[in-house]
Amino acid sequence: MKRWAYEITSSFLLPGAPLHLSNVEENVLHEIDETLQNELDKEEILRKVFWKARQRCREDLNEQLADFRNKRSAGLGSIFGPPDHALEESMHNKTKELQIVENLLVPCLESVSDDLKNATDQMIVTASSLATILLKYYGVRSQQAHQLIDRCPLFVSKERPLRSKIFRGSKKQVYRDHHFNQHTYYSVTYCNHCGLIIWGIAPQGYQCTNCEMNIHKSCAKQVEEVCIGQLHKKDRSRDTRFSSILGKIMADDKDNKRKVSQVCAAQNSTFYISPTIAPAGTLVERARKGLEEGNSDILGLVSETDSIT
């Protein structure tokens, strides 16, 4: 369950998540953070960690449903969903309900799952969310639906991460002497190429077996620096793999052995950018500050490159 917890947190809750839920209050995020920091190996507690966040999502959905009903009552029923009599019949007939669900959601899944290897982060999370709901909540049966679901990695899946559909055919890559293997993360980790958080369903990214560089799968062939070789063995007495999810968003001094890299367009060479020291404040505030500063750094680099060229 600790794998599922990070998959959900990194996809929906962290600042900068592909489908970030903006209505989840900071105190709720702090509670999740504290639980994942201190109770990560306690399954009975992890089962309840997202209850409050889920309630906030339900409130959002109720507002959207109220808007949907208002539009239907204004005579737009033929545009916004099936006719009223079909909905009424489905309330007491699971077969008809499932038919409506498949008619509405399967075409949506088809449109967002057509090319996941080249899709945006938002499209990938949307496809995985739809596939998870269709299979695990509604239990769709049609062959078309199952063919589409089979394309997508699923949330809260018991399938082994090494069988990830997105990584199919590319479990290992060798590039600039890096030996990248797909890797499953349990806490917040930065991509050493683009500087953004490695998110999503396991395995979320690649890690070099020698220098331990961590990167998004989409960043593998964009890495500029050559592998620096085997690192010293880690000090296991200071292992912080399961430390604070939100607190690790800002890099600290012990991460200096590997820093975010970018290409210097002016000198046509690779250089390292030192990590920004997190300002004082709450963990969530530090997370949001880190996201904003990361975006500013990227925009500044683009502007500098444009002025040079």
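Since the structure is predicted, the reported quantities are computational estimates derived from the model, not experimental observations. Starting afresh in each chain, residues are numbered from 1 along the sequence in its written order. Local features in this predicted model are restricted to residues of pLDDT 70 or higher, and side-chain atom pairs are both shown and tallied only at a pLDDT of 80 or more, whereas totals for entire chains, interfaces and linings draw on every residue. Remark: hydrogens and water are excluded; side-chain values derive from all non-hydrogen atoms of the structure.

Student: Even after reading the chapter, I still don't get the packing of helix α1 (residues 2-13) against helix α2 (residues 26-38), so can you show me in this structure?
Tutor: The axes of two packed helices give the description: the angle between them and the distance between them. Every axis in this analysis is a line fitted to C-alpha atoms, fitted for helices over the stretch in contact. Angles between the N-to-C directions lie between 0 and 180 degrees. Runs of H or I in DSSP of at least four residues are treated as helices and runs of E of at least two as strands, each being numbered from the N terminus. It is at 12 Å that the axes of α1 and α2 come closest, and there the two elements cross at 155°. Classified by the interaxial angle, the pair formed by α1 and α2 is roughly antiparallel. The handedness of the crossing between α1 and α2 comes out as left-handed. Residues Ala 5, Thr 9 and Leu 13 of α1 form the contact with α2, whose own contacting residues are Leu 29, Ile 32 and Leu 36. If an angle is under 35 degrees, it is roughly parallel; if it is over 145, roughly antiparallel; if it lies from 65 to 115, roughly perpendicular; otherwise it is oblique. Less than a right angle of anticlockwise turn of the near helix away from the far helix marks a crossing as left-handed, whereas a clockwise turn marks it as right-handed. The criterion used for residue contact is that any of the two residues' heavy atoms lie within 4.5 Å.

Student: Mind showing me how you'd approach the confidence of the model for the protein chain here?
Tutor: Note: predicted coordinates in regions of low pLDDT should not be interpreted at a detailed level. Of all residues in the protein chain, 69% have pLDDT values of 70 or greater, and the mean over the chain is 75. Contacts for the low-pLDDT stretch residues 301-309, under 50 throughout, to residues beyond four places or in other chains number 4 contacts. The predictor rates its confidence in each residue with pLDDT, a number between 0 and 100.

Student: For this particular structure, what's the right way to read the nonpolar core?
Tutor: The tendency in soluble globular proteins is for nonpolar side chains to be buried side by side. Nonpolar cores are built from buried Ala, Val, Leu, Ile, Met, Phe, Trp, Tyr and Cys residues. Side-chain atoms within 4.5 Å join them into one set. Exposure classes here rest on a 1.4 Å probe applied to the protein chains alone. A residue is buried below 20% of its type maximum, exposed above 50%, and partly exposed in between. Membership of the largest hydrophobic core comes to 34 residues, with the highest contact counts inside it found for Leu 13, Ile 32, Leu 109, Leu 134 and Ile 149. At the level of elements, α1, α2, α6 (94-112), α7 (121-137) and α8 (143-149) are the ones that each hand at least two residues to this core. A total of 6 residues in this core trace back to one element, the largest contributor, which is α7. Counting 18 residues, the second largest nonpolar core, distinct from the first, contains Ile 197, Cys 211, Ile 215 and Cys 227.

Student: Please clarify how the pattern of salt bridges should be interpreted in this entry.
Tutor: Oppositely charged side chains are able to pair whenever their charged atoms sit close together. Salt bridges, as used here, are contacts in which a Lys or Arg side-chain nitrogen is within 4 Å of a carboxyl oxygen on Asp or Glu. Using the criterion set out here, one finds 7 salt bridges in the structure. The partner of Glu 97 in a salt bridge is Lys 94, and the shortest N-O contact between them spans 3.5 Å. Placement of both Glu 97 and Lys 94 in helix α6 is noted, with a separation of 3 residues, approximately one turn of the helix.

Student: Just checking my understanding: could you explain the environment of Lys 96 for this structure?
Tutor: Here Lys 96 is to be found in helix α6. Lys 96 sits in the partly exposed class, given a relative accessible area of 35%. Considering only alpha carbons, one finds Lys 96 and Ala 86, 10 residues apart in sequence, at a separation of 8.1 Å. Those residues in contact with Lys 96 that lie beyond four places of it in its chain are Glu 89 and Ser 90.

Student: Could you clarify how one ought to interpret the packing of aromatic side chains in this entry?
Tutor: Two aromatic rings are characterised by how far apart their centres lie and by the angle between their planes. For this analysis, a ring pair means two rings from Phe, Tyr or Trp (six-membered ring only for Trp) whose centres lie within 6.5 Å, classed as stacked if their planes differ by under 30 degrees, edge-to-face if by over 60, and tilted for the remaining angles. In total, this model carries 3 aromatic pairs according to the counting rule given. Aromatic pair Phe 12 and Phe 155: ring centres 5.3 Å apart, planes at 45°, arrangement tilted. Of the two residues, Phe 12 is situated in helix α1 and Phe 155 in the loop between α8 and β1 (172-175); the sequence distance between them amounts to 143 residues.

Student: Sorry if this is basic, but what is going on with the pairing of strand β3 (residues 205-208) here?
Tutor: Sheet faces and side chains relate simply in a regular strand, where the side chains alternate between the two faces. Whether two strands pair depends on DSSP finding at least two bridges between them. The pairing of strand β2 (residues 178-183) with β3 spans 4 bridges and is classified as antiparallel. When the bridges of β3 are listed, Gln 182 appears paired with Tyr 206. Here 3 bridges tie β3 to strand β4 (residues 214-216), and the two strands are oriented antiparallel to one another. Across the sheet, the residue bridging to Gly 205 is His 216, located in β4.

Student: What is the right way to look at the sheet that holds β1 in this model?
Tutor: Think of a sheet as strands paired side by side through backbone hydrogen bonds, with each pair either parallel or antiparallel. Taken together, 4 strands build an open sheet; the order of strands is β1-β2-β3-β4 and the sheet is antiparallel. Unpaired on one side and paired on the other, β1 and β4 mark the two borders of the sheet. Between one strand axis and the next, the sheet turns through 30° on average, direction left out of account.

Student: Sorry if this is basic, but what is going on with α1 here?
Tutor: Since the α-helix packs 3.6 residues into each turn, any two residues three or four apart lie on the same face. Helix length check: α1, at 12 residues, gives a terminal C-alpha distance of 15 Å against a target of 16 Å (1.5 Å per residue), a fit within 8%. Burial within α1 is extensive, with 10 of its 12 residues counted as buried. Taken together, the buried positions of α1 are occupied by Arg 3, Trp 4, Ala 5, Tyr 6, Glu 7, Thr 9, Ser 10, Ser 11, Phe 12 and Leu 13. A helix is expected to reach a length of 1.5 Å times the quantity of its residues less one.

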